[in-house]
Amino acid sequence: MAKNNSNYGSDLRKILWIWAVISIIVDVLFWFLVGPHMAPGRLTETAKNDQMDLNILMICALPVIVGVWTYWGWSLTHWGAKQNGPEPIGGPAARSNLKVQTWWIASSSVLVLALAIFGTLALIMDHGSGGGEGPNPVWMPDGPVTQVETAALNGTATWSPGKILPVQVIGQQWKFTYRYPTFGGFETQQLILPANTTIVFNVTSLDVIHSFWAYQLGVKADANPGVNDVAFTETKGTGNFEVRCSELCGIWHGAMYNSGAVVSQSTFQQWATSTQAATAANTALLPKFAWTYTPDANGAAGGYYPDGNLTPYSSVQVYGAKQS
Amino acid sequence: MTISAERPTEVAASVAPPASKTPWTQRPGWMSQHLGTAMVAALLGYLLGHWFGNYVSANYPYIANSGQNNIANTLGLTGMVLGWLLGIGALNYPLAKLVGKDAPAESEVEGWSKYFRYSTNHKVVGLQYVVGVILFMFTGGLLAMAIRTELLNPTTHVFGPGTYAEIVSEHGTVMMMMATSIIVGPLGNYLVPLMIGSRRMAFPRIEAFSFWVFVAGYMVIFSALPYGGFTTGWTGYAPLQTQNGPGMISYLLGFAVIGLGMMAAGFNIAVTIINYRAPGMTWSRVPIFVWSMLATASLLTLATPVLFSAGLFGLLDKTVQTAFYVGEHGGSSYLWENLFWFFGHPEVYIMALPGFGIAAELLPVFTRKPLFAYKVAASGMIGVALLSFFVWQHHLFQSGINPDMRPLFMLTTEMISLPTGFIYLVGLGTMYRAKIRWELPMLFVMALFFNFLIGGVTGVFLSDVPVNVTVHGGFFVLSHFHYTIMGGLLFAFMAGLYYWLPKMTGRMMNKSIGKVHFWMMFVFFNLTFFPMFIIGLLGQPRRVFTYASNLQGLNDFASISAFLLGTSFLVFAWNLVYSLWINPVKAPANPWDSLGLEWQTASPVPAHNFDRIPVILTDPYHYSEPGAPALADFGGGAGASTSAASTESNPA
Ligand SMILES: [Cu+2]
Ligand SMILES: [Cu+2]
């Protein structure tokens, strides 16, 4: 018994050493072998940052898992009833250990606080990280986003290479369509975006809740009827991406997907201009471009953030002409 | 502190049944109230309610024109539930009191038929719950098999998209309902009085009510299928909810009905723990499983009313055209999302805490060591319960509501991993330098720790808003909550059954079959759900019947593993049948050498649990401590009958 007690911490010290070594190896292997391939890829600045966040979380999570597993590995090989280990001791020493408990609580608290601070910084610096921020986003990319949005709503916005591009995403059972307010508000089922451009997605729905998930862009925003859910991304190089609905929206939810492409700015402008011309007759029949298209009871349609800057509170201006 | 003789008990009622005055409803035999009368009355209640609903509402234009009468359906199902409760006898006592009549206490029918009756004995209710949750689990599991069958191939479909959406929704709802009660119901009801040295629960009738309402909820949620199902998943988001057909009624009413049972069970267990502890059972001597039951019961009591009301609002929207969730008429679909998750996140811990409790309760027994950091464990459970009310918006990070709240909900959500982590501190500390006996319950406990570690760590990923953009609404989150609920709670349930069934039934579970069950369940659980993390990271959304063709390999791997995982439950069922009926082996009085109070009463447990209420002298974790004090003073030893214990008193 005395022998046990005098060396009671020796197992823990060995476990900690093994843990430290394995953790470093696993983290390094992950960072260089798996990290560059993690979701959602690096097509946009947003996606690149989201991938970075995911990888940093993995770097923190792997040692935690490794630590517990190391401990169990040790317990399996040393502390079984069939092994020749020392007899367990009860009493106060086995009931609590102030040092161990304090270390556990302190280190897990520090880790958790650090992760929360890191997540918040990432969220702010990456302009909402591609997530839907609702009608009045609080973390906007550089540039005149508000002016572009207001102009889009008034039908006075234009686009030329280098400028911010507003795009409207309309979820409906069961497909996504896209309107380009800077090109006369034409509606298409193809999502084509210019490279090296800040994109403002305005996501809404005509019926139930959908979720616009442009996987490779690092963008996800719920499409709610009566709500303009705004999300940002910054495209870099060219490439294809997939769009899927990630909120159950009825029986054909599984079939609600299509693909899109980031193309060069000049190609985009050609495509948009020609599509605008080709669909002009159709566009004339569409409702006037608005942030939402569902009817509402009193002009407020829920009235989320009515005092914000991006969508000044005027029912007609905010939510468009009533559909009757 | 007074001891047993002065404590009011209901022993008189069970020792001396008033044989001459037994009303017909409580006699033994067929001419009485039992499962059969409940079923007949439920059917009659349905027909009556449905007829009445049609009678009052069929002429309203919006109903006449729609071809479906949700009012008739709602009243029909409500009539079914009321008929069921009347038929089983749940309402005899309150109705008699209501009209001012003398209501006799329920007499206990002896023999196996008591399991088919309205019994106020917590041990009968516990075993009824075992059967009830297994029924839920197996039907929900069959639906899961159907889902994995559909996902074997991205383009060839076994079911139509409508059928598939119904299967997915029914699977999720049934499993969530089952999981609310899987441990609280069977083990909580059975063990809490035994562990705290009580002869009864605080409210035996409410306890029986909670079980029979739980079964009524099962009938209501399955009535969705003949009604054509519902396609909203278990989350039931509006406006899809508003758009859905009559199957949605079953969902909304089903949650309201099962919510009644959850509130009743939680309230009863919380009051019992607070008020019915034996003398000397101070808060620092309460077994850790009882702490977890207290935390869970508090959540059941406080969170479920929100679900109940939310369900009723939805029913009103669908029947009498209110607009709680209808944006076009001034309501909001966000209201449902908020109410649902305000309940839904505490619900997550309703489904996690009991598992922690079982793990922490069993570890000392199989490590032969005291529970490490008992106070940290208890405070961790209470901390989780409190914090779980402040995190619900992490389910709505991409929904478009108030973005400025996201950092706060990210912080609270990540903070909840601290008290959860306490359980690991307790687990690892208890194992330190132990002599671990790798018995079946211990294997399941270790599996729980293994699975919940992955489930918990991935939960931190989901709480990080930037990462949430990638993983929300996909297979990653699906895998995450299967790791916590199935990997945690269900493994804990199995640990608890293998551990306590010898006490509850007097039979040992077969060890060889149990090992096959464990290894199949553990290995194929991980092989089913781990690939789903990768599937999710590669971009597959939840609840889809088709997916990218390059994901077929992973999906097929998960499906085949899922079928084998399903098979492991058949092995478990076989073990139950084999060990309880085919080849029963009598269990020793204390097969695991536990110091817990529940093992110190006679086996089988007498109707009134303890002949004399024990006086608790210390906590039940003095393992490997020579000269440790005895757990309790039984005043003449367990099983020694003394008439002093019987004082005249009726259950409230
Ligand atoms: Cu969808
Ligand atoms: Cu949650």
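Residues numbered from 1 in each chain as written. Chains lettered and ligands numbered in written order. Predicted model: local features only at pLDDT ≥ 70, side-chain atom pairs only at ≥ 80, totals over all residues. Heavy atoms only, no water.

Draft legend 1. Expanded view of the sheet that holds strand β9 (residues 239-245) of chain A. Residue and element names in this part refer to chain A. If you walk across this open sheet you meet the 5 strands as β4-β10-β9-β6-β7, and the pairing is mixed. Lying at the two open borders of the sheet, with one neighbouring strand each, are β4 (191-194) and β7 (219-223). Averaged over all neighbouring strand pairs, the angle between strand axes comes to 20°, with direction disregarded. Inspection of the sheet shows β4 paired to strand β10 (residues 257-263) by 4 bridges, in the parallel sense. Each residue of the ladder has a partner; that of Leu193, found in β10, is Val262. (Pairing = 2+ DSSP bridges. Helix = DSSP H or I, 4+ residues; strand = E, 2+ residues; numbered from the N terminus. Axes fitted to C-alpha atoms, helices over the stretch in contact; angles between N-to-C directions.)

Draft legend 2. Spotlight on the sheet that holds strand β3 (residues 186-188) of chain A. Residue and element names in this part refer to chain A. Taken in spatial order, the 5 strands line up as β3-β2-β1-β5-β8 in an open sheet, and their pairing is mixed. Taken across any chain shown, the strands that pair with only one partner, and hence form the sheet edges, are β3 and β8 (229-234). Along the sheet, successive strands turn relative to each other by an average axial angle of 25°, direction set aside. In this sheet, β8 lies alongside strand β5 (residues 198-205) in antiparallel orientation, the contact comprising 6 bridges. Across the sheet, Asn202 pairs through a bridge with Val230, a residue of β8. Together, β1 (165-172), β2 (175-180) and β3 form the strand contacts of helix α7 (residues 265-278), whose direction differs from that of β3 by roughly 105°. (Contact = heavy atoms within 4.5 Å.)

Draft legend 3. Molecular detail of the interface of chain A and chain B. Residue-level contacts link 97 residues of chain A with 95 residues of chain B. Counting each side, the surface lost to burial between chain A and chain B is near 7,600 Å², with a carbon and sulfur contribution of 67%. Applying the counting criterion to the chain A and chain B interface returns 3 salt bridges. Between Arg95(A) and Asp619(B) there is a salt bridge, and its shortest N-O distance comes to 3.0 Å. Counting across the chain A and chain B interface gives 28 residue pairs in polar contact (both at pLDDT 80 or more). Listed by contribution, the elements that provide at least two residues to the side of chain A that touches chain B are α2 (10-34), α3 (45-78), α4 (92-95), α5 (98-125), β7 and β9 of chain A. Partitioning the side of chain A that touches chain B into residue classes produces 53 nonpolar, 31 polar and 13 charged. (Buried area = accessible area lost by both parts, 1.4 Å probe. Salt bridge = Lys/Arg side-chain N within 4 Å of Asp/Glu carboxyl O. Polar contact = N/O pair within 3.5 Å; in protein donor to acceptor, adjacent residues only side chain to side chain. Nonpolar A, V, L, I, M, F, W, Y, C, P; charged D, E, K, R; others polar.)

Draft legend 4. Representation of the domain arrangement of chain B within the structure. Residues and elements named next belong to chain B. Domain assignment breaks chain B into domain 1 (36-105) and domain 2 (115-582). Each of domain 1 and domain 2 has a C-alpha centre, and the two are 30 Å apart. Carbon and sulfur atoms supply 73% of the area buried between domain 1 and domain 2, which totals about 1,800 Å² over both sides. Contributing elements (two or more residues each) for the side of domain 1 that touches domain 2: α2 (35-57) and α4 (70-88). Of the residues forming the side of domain 1 that touches domain 2, the biggest block, 11 residues, is contributed by α4. (Domains from an automatic or database assignment.)

Draft legend 5. Structural context of helix α15 (residues 374-387) of chain B. Taking 1.5 Å of rise per residue, 14 residues should cover 20 Å, and α15(B) covers 20 Å from first to last C-alpha, within 8% of that figure. Within the sequence span of α15(B), burial applies to Tyr374(B), Val376(B), Ala377(B), Ala378(B), Gly380(B), Met381(B), Val384(B), Ala385(B) and Leu387(B). (Expected span 1.5 Å × (residues − 1). Buried < 20%, exposed > 50% of the residue type's maximum accessible area, 1.4 Å probe, protein only.)

Draft legend 6. Highlighting the coordination of the copper ion (ligand 2). All names here are of chain B. Protein-derived coordination of the copper ion (ligand 2) comes from His345 (ND1), His394 (NE2) and His395 (NE2), at a distance range of 1.6 to 2.0 Å. The motif formed by the donor residues of the copper ion (ligand 2), counted along the single chain, is H-x48-H-H. Taken as a pair, His345 in helix α13 (residues 333-350) and His394 in the loop between α15 and α16 (406-415) lie far apart in primary sequence, 49 residues in all. Judged by relative accessible area, which is 6%, His345 ranks as buried. (Donors = N, O, S within 2.8 Å, 3.2 Å for Na, K, Ca; no water.)

Draft legend 7. Spatial organisation of the packing of helix α14 (residues 353-367) of chain B against helix α18 (residues 440-463) of chain B. Residue and element names in this part refer to chain B. Axis separation between α14 and α18 bottoms out at 9 Å; the angle between their running directions is 130°. Classified by the angle between their axes, α14 and α18 sit oblique to one another. α14 and α18 meet at a crossing whose hand is left-handed. Here Gly355, Phe356, Ala359, Leu362, Leu363, Phe366 and Thr367 of α14 come into contact with α18, specifically with Pro441, Met442, Val445, Leu448, Phe449 and Phe452. Tallied by class, residues from the contact of α14 with α18 come to 11 nonpolar, 2 polar and no charged. (Parallel < 35°, antiparallel > 145°, perpendicular 65-115°, else oblique. Left-handed = near helix turned anticlockwise from the far one by under 90°.)

Draft legend 8. Spatial organisation of the nonpolar core. Ranked by size, the top nonpolar core spans 243 residues in total, and within it Ile183(B), Ile288(B) and Trp500(B) carry the most contacts. Per element, the largest residue contribution to this core is 21 residues, and it comes from helix α20 (residues 475-505) of chain B. Among all residues touching Ile288(B), those that are not within four sequence positions of it are Gly357(B), Ala360(B), Glu361(B), Leu371(B), Tyr374(B), Ala377(B), Ala378(B), Met381(B) and Tyr621(B). Membership of the second largest hydrophobic core comes to 37 residues, among which are Trp159(A), Val167(A), Leu217(A) and Val243(A). (Core = buried A, V, L, I, M, F, W, Y, C linked by side-chain atoms within 4.5 Å.)

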